Amino acid sequence: MIKMHFDGACTPVNPGGIGTWGFQIDFCDGTEPLKGSGICDNGAASTNNIAEYQGLLWGLVELGIREIKDQEIYIFGDSALVVNMVLRKWGYKNPHAKAPHLIPYLKQAWAILSSLQEDGNKIHISWIPRERNQDADDLTKSAYKQYVCNSKKWRRKNYIRYG
């Protein structure tokens, strides 16, 4: 059994902040967890929904790289929008007028999930409350802090506004 948690954030403002993502993959065989985080965007086009999709996609790519076969894979995220779009419950046929930009991310997720299923994996995707997604959330915050600490231009521009 494998458990993957993903998250994304757009900080300090949404939209228009710094988009960060994170994921953690836990293996029940005692293997060291896989963790990833990073920056996906900054500026006016950056949103928390894009960041959430990036967290999901990077985690799925890691699973695909490892050629995992015949496993139960549980995927958890705290974005109702992303989880319900991926599960084809709502928002995937006629996306919200302000969200057609999410469709390419959704199609990428479906393609990777399909590939994982073709390898005999059974996929379970669930929404969870933010409180149960703390490890992935911490990874997004860490990516944001690292970006801010390493970006003098960003600090200079935003210090007065957000400091």
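Residues numbered from 1 in each chain as written. Predicted model: local features only at pLDDT ≥ 70, side-chain atom pairs only at ≥ 80, totals over all residues. Heavy atoms only, no water.

1. Brief notes about the packing of helix α1 (residues 48-65) against helix α3 (residues 103-118)
When two helices pack together, their arrangement is given by the angle between their axes and by how far apart the axes lie.
Step number 1: Contact pair α1 / α3: the axes reach a minimum separation of 10 Å and the direction vectors enclose 25°. With respect to α3, the element α1 is oriented roughly parallel. Here the hand of the crossing between α1 and α3 comes out left-handed. For the pair α1 and α3, the contacting residues are Ile50, Tyr53, Gln54, Leu56, Leu57, Leu60, Val61, Leu63 and Gly64 in the first and Tyr105, Leu106, Gln108, Ala109, Ile112, Leu113 and Leu116 in the second. (Axes fitted to C-alpha atoms, helices over the stretch in contact; angles between N-to-C directions. Helix = DSSP H or I, 4+ residues; strand = E, 2+ residues; numbered from the N terminus. Parallel < 35°, antiparallel > 145°, perpendicular 65-115°, else oblique. Left-handed = near helix turned anticlockwise from the far one by under 90°. Contact = heavy atoms within 4.5 Å.)

2. Describing the nonpolar core
Step number 1: One finds Tyr53, Leu56, Leu60, Leu63, Ile75 and Val86 to be the most contacted residues of the largest nonpolar core, which totals 32 residues.
Step number 2: Secondary structure elements with two or more residues in this core: β1 (2-11), β2 (18-27), α1, β4 (72-77), α2 (80-86), α3 and β5 (122-127).
Step number 3: Counting residues per element, this core draws most heavily on α3, at seven residues.
Step number 4: Among residues more than four places away in sequence, those in contact with Ile75 are Met4, Phe6, Leu56, Leu60, Leu113, Ile123, His124, Ile125 and Ser126. (Core = buried A, V, L, I, M, F, W, Y, C linked by side-chain atoms within 4.5 Å. Buried < 20%, exposed > 50% of the residue type's maximum accessible area, 1.4 Å probe, protein only.)

3. Some remarks on the environment of Asn121
Step number 1: By the secondary structure assignment, Asn121 is in the loop between α3 and β5.
Step number 2: Sequence-wise, Asn121 and Gln71 are 50 residues apart; in three dimensions their C-alpha atoms are separated by 4.7 Å.
Step number 3: Excluding anything up to four places from it in sequence, Asn121 contacts Ile68, Lys69, Asp70, Gln71, Ile73 and Leu116.
Step number 4: A polar contact of 2.9 Å, which involves the side chain of Asn121, links it to the backbone nitrogen of Gln71.
Step number 5: Polar contacts involving the side chain of Asn121 include one to the main-chain carbonyl oxygen of Leu116, which spans 2.8 Å. (Polar contact = N/O pair within 3.5 Å; in protein donor to acceptor, adjacent residues only side chain to side chain.)

4. What to know about the pattern of salt bridges
Step number 1: By the definition in use, this model includes three salt bridges.
Step number 2: The salt bridge partner of Arg66 is Glu62, with a shortest N-O separation of 2.7 Å.
Step number 3: Between Lys69 and Asp119 there is a salt bridge, and its shortest N-O distance comes to 3.6 Å. With Lys69 in the loop between α1 and β4 and Asp119 in the loop between α3 and β5, the pair connects residues that are 50 residues apart, well separated along the chain. (Salt bridge = Lys/Arg side-chain N within 4 Å of Asp/Glu carboxyl O.)

5. A word on α1
Step number 1: Its 18 residues give α1 an end-to-end C-alpha distance of 26 Å, which sits within 8% of 26 Å, the value for a rise of 1.5 Å per residue.
Step number 2: Listed in full, the buried residues belonging to α1 are Ile50, Ala51, Glu52, Tyr53, Gln54, Gly55, Leu56, Leu57, Gly59, Leu60 and Leu63.
Step number 3: Residues of α1 that are buried make contact with β1, β2, β3 (34-42), β4, α2 and α3.
Step number 4: Count one or two residues on from α1 and you reach Glu67, which has phi positive near 50°. (Expected span 1.5 Å × (residues − 1).)

6. Concerning α3
Step number 1: In this model α3 runs 22 Å from its N-terminal to its C-terminal C-alpha over 16 residues, within 8% of the 22 Å that 1.5 Å per residue would give.
Step number 2: The set of residues buried in α3 consists of Ile103, Tyr105, Leu106, Ala109, Trp110, Leu113 and Leu116. All buried residues of α3 fall inside an arc of 155° around its axis, so they share one side. Away from the buried face of α3 by more than 90 degrees, exposed residues Lys107 and Glu118 are located.
Step number 3: At the C-terminal side of α3, Gly120 shows a positive phi close to 85°. (Arc of directions from axis to C-beta.)

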